[in-house]
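Take a look at the letters that make up each chain.
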Amino acid sequence: MSVLAIEAGEATRFLLNGAELIAHVSGAIWWPSAGTLAVADLHFEKGSAFAERGRMLPPYDSAVTLDRLAALMARFRPRRVICLGDSFHDGGAGERLPAPLGERLASLARAVDWIWIQGNHDPVPPEDWGGRVVDAFAEGPLQFRHEAAGRQAAGEISGHYHPKAGITWRGRRVTGRCFVEDGRRLILPAFGAYAGGLDARDAAIAGLFPRGYRVHIVGREKLHSFRGDALD
């Protein structure tokens with residue numbers, strides 16, 4: 001897909017370690033020159049995991065998450081998809097995923113070079129679902145992993161923290177999941193329908209960006225970009 005097909009407001013372009021990336025309002029990252037789509041923290045079957053513990057949630061999170069991912073793939077037509085860990089909420093999520101959804105996910109995974117990066121929640125996906133499982137993945141100036149390394153890693157893209165942010169701007173409150181980046185390191189928002197969030201100002205996130213950072217907040221139809229020190 002040409003970057004020219006991106007509608008104004010629904011995405012933000014920026015450089016990460018020299019690579020041009022597009023942060024999309026869906027919460028995904030598109031790397032045009034490599035034909036690569038990256039998403040973080042899908043947390044398939046989180047709803048059913050909560051139900052097993054007596055916290056009843058509508059059991060539709062996996063279907064909603066998969067619908068959104070399939071729609072992105074149909075639009076961007078990636079050569080590669082990278083799932084940045086915690087794709088499954090727990091070790092039994094693959095077994096609880098309804099068979100039609102499992103078959104649909106497997107069909108998507110077999111259609112491209114699909115990479116499952118292991119997270120702290122993740123089991124190994126069923127072997128017949130396609131894709132390859134790795135601890136981390138690197139190509140060109142970028143490196144993909146589940147959780148940001150403690151040291152500054154140029155070109156690092158990760159998930160894990162489910163960042164969110166809020167700011168009062170022009171008399172209204174803007175809040176939501178967000179991308180966090182400083183041109184060298186990028187943390188993606190959680191893509192899963194039921195994934196929660198951690199304030200981007202929390203030391204666990206802000207401490208990874210000692211020189212400051214920018215956030216790109218996911219709104220209903222567009223992204224809102226601000227400096228980290230403007231958040232409240």
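One can find the structure itself at the top, above this paragraph.
Residues numbered from 1 in each chain as written. Predicted model: local features only at pLDDT ≥ 70, side-chain atom pairs only at ≥ 80, totals over all residues. Heavy atoms only, no water.

Colleague: Just to check I follow, could you spell out the sheet that holds strand β6 (residues 113-117) for this structure?
Modeller: Remark on secondary structure: sheet strands pair via backbone hydrogen bonds, oriented parallel or antiparallel. Pairing is mixed across the open sheet formed by seven strands, whose spatial order is β1-β2-β3-β4-β5-β6-β7. Taken across any chain shown, the strands that pair with only one partner, and hence form the sheet edges, are β1 (11-16) and β7 (132-134). Averaged over all pairs of adjacent strands, the angle between their axes in this sheet comes to 25°, without regard to strand direction. The sheet contact formed by β6 and β7 spans three bridges and is parallel. Bridge pairing in β7 places W116 opposite V133. In this fold helix α2 (residues 61-76) packs onto β2 (19-24), β3 (29-31), β4 (36-39), β5 (80-83) and β6, with an angle of close to 160° to the strand it touches most, β4. (Pairing = 2+ DSSP bridges. Helix = DSSP H or I, 4+ residues; strand = E, 2+ residues; numbered from the N terminus. Axes fitted to C-alpha atoms, helices over the stretch in contact; angles between N-to-C directions. Contact = heavy atoms within 4.5 Å.)

Colleague: I tried to follow empty space enclosed by the protein on my own but got confused; where do I start?
Modeller: In this approach, a probe sized like a water molecule rolls over the atoms, and the result shows the empty space that is left. Applying the stated criterion to the full structure yields one cavity of 30 Å³ or more. Its volume calculated, the largest cavity comes out at about 40 Å³. Grouping the amino acids of the lining of the largest cavity by side-chain chemistry returns seven nonpolar, two polar and one charged. (1 Å grid on protein atoms, 1.4 Å probe; cavity = no way out; pocket = protein on both sides within 12 Å on 5 of 7 lines; lining within 4 Å. Points joined across faces, edges and corners; volume = space filled by probe spheres on them. Nonpolar A, V, L, I, M, F, W, Y, C, P; charged D, E, K, R; others polar.)

Colleague: I tried to follow the environment of K222 on my own but got confused; where do I start?
Modeller: Turning to its location among the elements, K222 is positioned in the loop between β15 (214-218) and β16 (223-227). Taking the C-alpha atoms as reference, K222 lies 4.1 Å from E10; in sequence the two are 212 residues apart. Look past the residues within four positions of K222 in its chain and what remains in contact with it is G9, E10, V25 and I217.

Colleague: What exactly am I supposed to notice about unusual backbone geometry here?
Modeller: For residues besides glycine, phi is generally negative; the peptide bonds are generally trans as well. With a phi close to 50°, H43 is a non-glycine residue in the positive phi region. For H43, the position within the fold is in the loop between β4 and α1 (46-52). By relative accessible area, which is 6% here, H43 ends up buried. Unlike most non-glycine residues, R170 shows phi in positive territory, near 55°. (Buried < 20%, exposed > 50% of the residue type's maximum accessible area, 1.4 Å probe, protein only.)

Colleague: In this structure, what is going on with the pattern of salt bridges? I would like to understand it.
Modeller: With the rule as written, the count across this model stands at eleven salt bridges. Notably, a salt bridge pairs R104 with D67, separated by 2.4 Å at the nearest N-O pair. Linking R104 in helix α4 (residues 99-111) with D67 in helix α2, this pair joins segments that are 37 residues apart in sequence. Residue classification places R104 among the partly exposed residues on the basis of a relative accessible area of 34%. With relative accessibility at 40%, the residue D67 sits in the partly exposed group. Of the charged contacts, one joins R173 and D232 as a salt bridge, the two residues approaching to 2.3 Å between their closest N and O atoms. On the criterion of sequence distance, the pair formed by R173 in strand β12 (residues 172-181) and D232 in the segment after β16 is long-range, its members being 59 residues apart. Under the relative-accessibility criterion, D232 is labelled partly exposed at 37%. Each member of the salt-bridge network shares a partner with another, and the members are R80, D113, R132 and E139. (Salt bridge = Lys/Arg side-chain N within 4 Å of Asp/Glu carboxyl O.)

Colleague: Just to check I follow, could you spell out the packing of aromatic side chains for this structure?
Modeller: Each aromatic ring pair is summarised here by two numbers: the centre-to-centre distance and the angle between the ring planes. For the coordinates displayed, the defined rule picks out nine aromatic pairs. A ring pair is formed by W30 and F76, whose centres lie 5.0 Å apart and whose planes are at 45°; its orientation type is tilted. Taken together, the residues W30 in strand β3 and F76 in helix α2 connect sequence positions 46 residues apart. According to the relative accessible area criterion, W30 is buried, its value standing at 3%. Both rings, one in W31 and one in F144, keep their centres 6.3 Å apart while their planes meet at 35°; by these two values the pair is tilted. (Phe/Tyr/Trp six-rings, centres within 6.5 Å; stacked < 30°, edge-to-face > 60°.)

Colleague: Explain the pairing of β4 here, please?
Modeller: Walk down a regular strand and you will see the side chains alternate between the two sheet faces. Burial along β4 is two-sided: the face carrying T36 and A38 and the face carrying L37 and V39 are both buried. Two strands pair when backbone bridges link them, and β3 and β4 are joined in this way by three bridges, in the antiparallel orientation. Residue pairing across strands places W31 opposite T36, the latter belonging to β4. Taking the residues between adjacent antiparallel strands as the criterion, β3 and β4 are bridged by four residues, where G35 takes a positive phi near 60°. Sheet topology places β4 next to β5; four bridges connect them, and they run parallel. Each bridged residue has a counterpart across the sheet, and for A38 the counterpart in β5 is I82.

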